[in-house]
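Residue strings, one per chain:
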Protein chains: 2
Amino acid sequence: MRIKEGNKEKDILEAAVKVFAEDGFHKAKISKIAEKASVATGSVYVYFKNKDDLLIKIFKDLWENMLGELKLLSSNKALSASEKIDGIIDLIFDVFTENPSLAIVFVNEQNNHARTRQDDFIDYYEKFLDEGEKVVKEGIEKGEFSSALDVKIFRYYIFGAIRNLLHHWASNPKSLTLNKIRQNIKYLTKNGIRKV
Amino acid sequence: MRIKEGNKEKDILEAAVKVFAEDGFHKAKISKIAEKASVATGSVYVYFKNKDDLLIKIFKDLWENMLGELKLLSSNKALSASEKIDGIIDLIFDVFTENPSLAIVFVNEQNNHARTRQDDFIDYYEKFLDEGEKVVKEGIEKGEFSSALDVKIFRYYIFGAIRNLLHHWASNPKSLTLNKIRQNIKYLTKNGIRKV
DNA sequence: GTGATTACTGAATCGTGATTCAAAAATAAA
DNA sequence: TTTATTTTTGAATCACGATTCAGTAATCAC
């Protein structure tokens, strides 16, 4: 019997994130991913069904993890709705700060890929958004947030804003500090641009 | 001499937008675009250099046009900065309301495609964003908008929010009316979620 | 009508890179 | 050391669809 050496599955997945971020999913070559992971091309197919499967696993890992963390946060009775919103923003920024390539892959590939197929990572992603939506509802009920707003719309609004800024940052890390972006998002989300 | 019948270039471009929206750029087949435009596959190559060229022309038309309209708007001395922001939001919504497929193609393909190549549609797109940025700066100088915000960040923030909502709407037109989305964006942009 | 010119066609070609698989290598058990 | 079992390899295969181009059709000028 022979034991698998190291953790090739993880190596391949990490290499895939980098290559997908660099070249885009469609132009990314399996051979390049294999090379970056220091395995043979064929080994990729030992661990993953095909190229799509790589992307699906990347997103599944991401959102499964994010959902778990968000649940901890949103169930924390000590926090106001406003603090929870800040917490969610921090959650997202922390993950993507640690892994800018993942931010790029998420922003560039997830929508496109989710459209046709019906993969289970979408469940986790949707649940993540649903959980965030609950926080906003709670804030409205408590009177913290304006009842004029539509929670469904807000969910796409804030998430789109964050995504776009992350993408911009990941593509030009020098142009803005992530911390400044994070603070501005928190401010804008709550107060908008109007002078108070 | 033979004269070109109809406007095949326009037909092909419109068909391409639809097919790219439906299938995504990479899975879209030239033969399907040709069929939808009622021309032969080869005719696509009479009017366009290659598949990429189709996408580039789509974006160029879009942003050249948008920039023109935005310039008219932003130079209108009768409007406050706040009214101009509303105007920009209307501008974007009007175009994509008329052509939801274009909204999908924009959201799904533009980032991805812009990354590698250096095409001239990017100039128009950047100028459009720059022009919007000017309006915000003007609003800050006039004291209409909070001086706490970073205009660069706001530009990506608002544009990301709009993009994401348009994409959601274009994928599920039934779920929300575009008018409601538009109103919420205007409200959120200016006031945020906090109860006033 | 004829000839000249340009538009249009779509089947055949061709490049690319995902995927396969037979062989080699590594380890474990005997 | 030999055999059995599992992992790893990477060159060969193969499918796909973008692109080409030789041929056909349409229109014009005369």
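What chain A contains, in helices and strands, is nine helices and zero strands. For chain A, the succession of helices and strands along the chain, N to C, is α-α-α-α-α-α-α-α-α. Principal-axis analysis of the C-alpha atoms places the extent of chain A at approximately 65 × 35 × 30 Å. In chain A, of all internal contacts separated by at least 6 residues, the share reaching a separation of at least 24 is 67%. Accessible surface computed for chain A: about 9200 Å², of which carbon and sulfur atoms make up 51%. Taking the average place of the 32 positive charges on the side chains of chain A and the average place of its 29 negative ones, the gap between the two points comes to 3 Å.

With that out of the way, let us pick up the relation of the copies chain B and chain A. Placing chain B over chain A gives an RMSD of 0.0 Å and needs a rotation angle of 180°, together with 0.0 Å of translation along the axis. As the rotation angle and translation indicate, the two copies are arranged about a two-fold axis. Interface overlap between copies: 100% of the residues of chain B at the interface are likewise at the interface in chain A, consistent with a symmetric, same-surface contact.

What follows is about the packing of aromatic side chains. Residue and element names in this part refer to chain A. Here the structure, examined in full by the defined rule, presents 25 aromatic pairs over all chains. Seen in terms of ring centroids, tryptophan 63 and phenylalanine 128 are 5.2 Å apart; in terms of plane orientation they differ by 55°. Their pairing is tilted. Here phenylalanine 128 lies in helix H7 (residues 121-141) and tryptophan 63 lies in helix H4 (residues 51-74), a separation of 65 residues in the sequence. Given the relative accessible area of 3%, phenylalanine 128 is considered buried. By the ring-pair criterion, three or more aromatic residues cluster together here, those being Trp63, Phe96, Phe106, Tyr125, Phe128 and Phe159. Against the face of phenylalanine 106 rests arginine 163, its NZ or CZ located 4.9 Å from the ring centre.

All names here are of chain A. Taken as a whole, this structure holds 38 salt bridges over all chains when the rule is applied. Notably, a salt bridge pairs glutamate 133 with lysine 137, separated by 3.9 Å at the nearest N-O pair. In this pair, glutamate 133 and lysine 137 are both assigned in helix H7, four residues apart and thus about one turn of the helix distant. For glutamate 133, a relative accessible area of 7% gives the class buried. In this structure lysine 137 comes out as partly exposed when scored by relative accessible area, which is 40%. One network of salt bridges, with partners in common, ties together Glu126, Asp130, Glu133, Lys137, Lys152 and Arg155.

Before going further, it helps to spend a moment on the interface of chain B and chain A. Contacts between the two partners involve 49 residues from chain B, matched on the other side by 49 residues from chain A. Buried area between chain B and chain A, summed over both chains or domains, comes out near 4700 Å², and the portion from carbon and sulfur atoms is 58%. For the chain B face of the interface with chain A, the top three residues by lost area are Ile153, Tyr157 and Ile193 of chain B, together amounting to 18%. Counting across the interface, chain B meets chain A through two salt bridges. Put simply, aspartate 150 of chain B and lysine 180 of chain A hold a salt bridge, and the shortest N to O gap is 3.0 Å. Taken together, chain B and chain A are joined by 24 residue pairs in polar contact (both at pLDDT 80 or more). Listed by contribution, the elements that provide at least two residues to the side of chain B that touches chain A are helix H1 (8-23), helix H6 (100-116), helix H8 (151-171) and helix H9 (178-191) of chain B.

Residues and elements named next belong to chain B. Given a rise of 1.5 Å per residue, 21 residues ought to cover 30 Å, and the 30 Å separating the end C-alpha atoms of H8 matches this to within 8%. In terms of burial, H8 is a largely internal element, 19 of the 21 residues being buried. Put simply, aspartate 150 is the residue that caps the front of H8, since its side-chain oxygen is 2.8 Å from the backbone nitrogen of lysine 152.

Attention shifts here to unusual backbone geometry. Residues and elements named next belong to chain A. One non-glycine residue, serine 38, lies in the positive phi region at around 60°. Here serine 38 lies in the loop between helix H2 (30-36) and helix H3 (41-47). When its relative accessible area of 65% is taken as the criterion, serine 38 is described as exposed.

This part covers the domain arrangement of chain A. Residue and element names in this part refer to chain A. Annotation of chain A at the domain level lists domain 1 (7-48) and domain 2 (54-191). The C-alpha centroid of domain 2 is placed 27 Å from the C-alpha centroid of domain 1. Across the domain 1 to domain 2 interface the summed buried area is about 1000 Å²; carbon plus sulfur atoms make up 81%. The interface formed by domain 1 and domain 2 includes zero salt bridges. Linking domain 1 with domain 2 are one residue pair in polar contact (both at pLDDT 80 or more). Among the elements that line the side of domain 1 that touches domain 2, the one with the most residues is helix H1 (residues 8-23), at seven residues. The residue inventory of the side of domain 1 that touches domain 2, partitioned by class, reads 12 nonpolar, one polar and one charged.

Thresholds, definitions, all that
Once a new chain begins, its residue numbering starts again from 1 and follows that chain's sequence as written. Lettering for chains starts from A, numbering for ligands starts from 1, and both go in the order in which the items are written. Reporting of local features is limited, given that this is a predicted model, to residues whose pLDDT is at least 70; pairs of side-chain atoms are given and counted only at 80 or more, and all residues count toward the totals for whole chains, interfaces and linings. Working from all heavy atoms in the structure, the side-chain values ignore hydrogens and water. Secondary structure elements are defined from DSSP: runs of H or I of at least 4 residues count as helices, runs of E of at least 2 residues count as strands, and each element is numbered from the N terminus. Any two residues whose heavy atoms approach within 4.5 Å are treated as being in contact. All accessibility values rest on the Shrake-Rupley procedure with a 1.4 Å probe; residue burial counts only the protein chains present in the view. Charge counting follows a simple rule: Lys and Arg are positive, Asp and Glu are negative, and His as well as the terminal groups are ignored. By convention, charge coordinates are those of NZ in Lys, CZ in Arg, CG in Asp, or CD in Glu. Least-squares fitting of one copy onto the other uses the C-alpha atoms of those residues that reach a pLDDT of at least 70 in both copies. We call Phe, Tyr and Trp rings a pair once their centres come within 6.5 Å, taking the six-membered ring for Trp, and we label the pair stacked below 30 degrees between planes, edge-to-face above 60, and tilted otherwise. Exposed residues in this analysis have more than 50% of their type's maximum accessible area, buried residues have under 20%, and partly exposed residues fall in between, with area computed by a 1.4 Å probe over protein chains only. Sitting over a ring, as applied to charges here, requires NZ of Lys or CZ of Arg to be within 6 Å of the ring centre and within 35 degrees of the ring normal. Just to be clear on terms, a salt bridge is a Lys or Arg side-chain nitrogen sitting within 4 Å of an Asp or Glu carboxyl oxygen. In this description, buried area is defined as the sum, over both parts, of the accessible area (probe of 1.4 Å) that is lost when the two are combined. Polar contact criterion, stated in full: a pair of N or O atoms within 3.5 Å, where within protein one must be able to donate a hydrogen and the other to accept it, and residues adjacent in sequence count only if both atoms are side-chain atoms. Expected helix span is computed as 1.5 Å times (number of residues minus one). As used throughout, domain bounds are those supplied by an automatic or database domain assignment. Nonpolar residues are Ala, Val, Leu, Ile, Met, Phe, Trp, Tyr, Cys and Pro. Charged residues are Asp, Glu, Lys and Arg, and all others, Gly as well, are polar.

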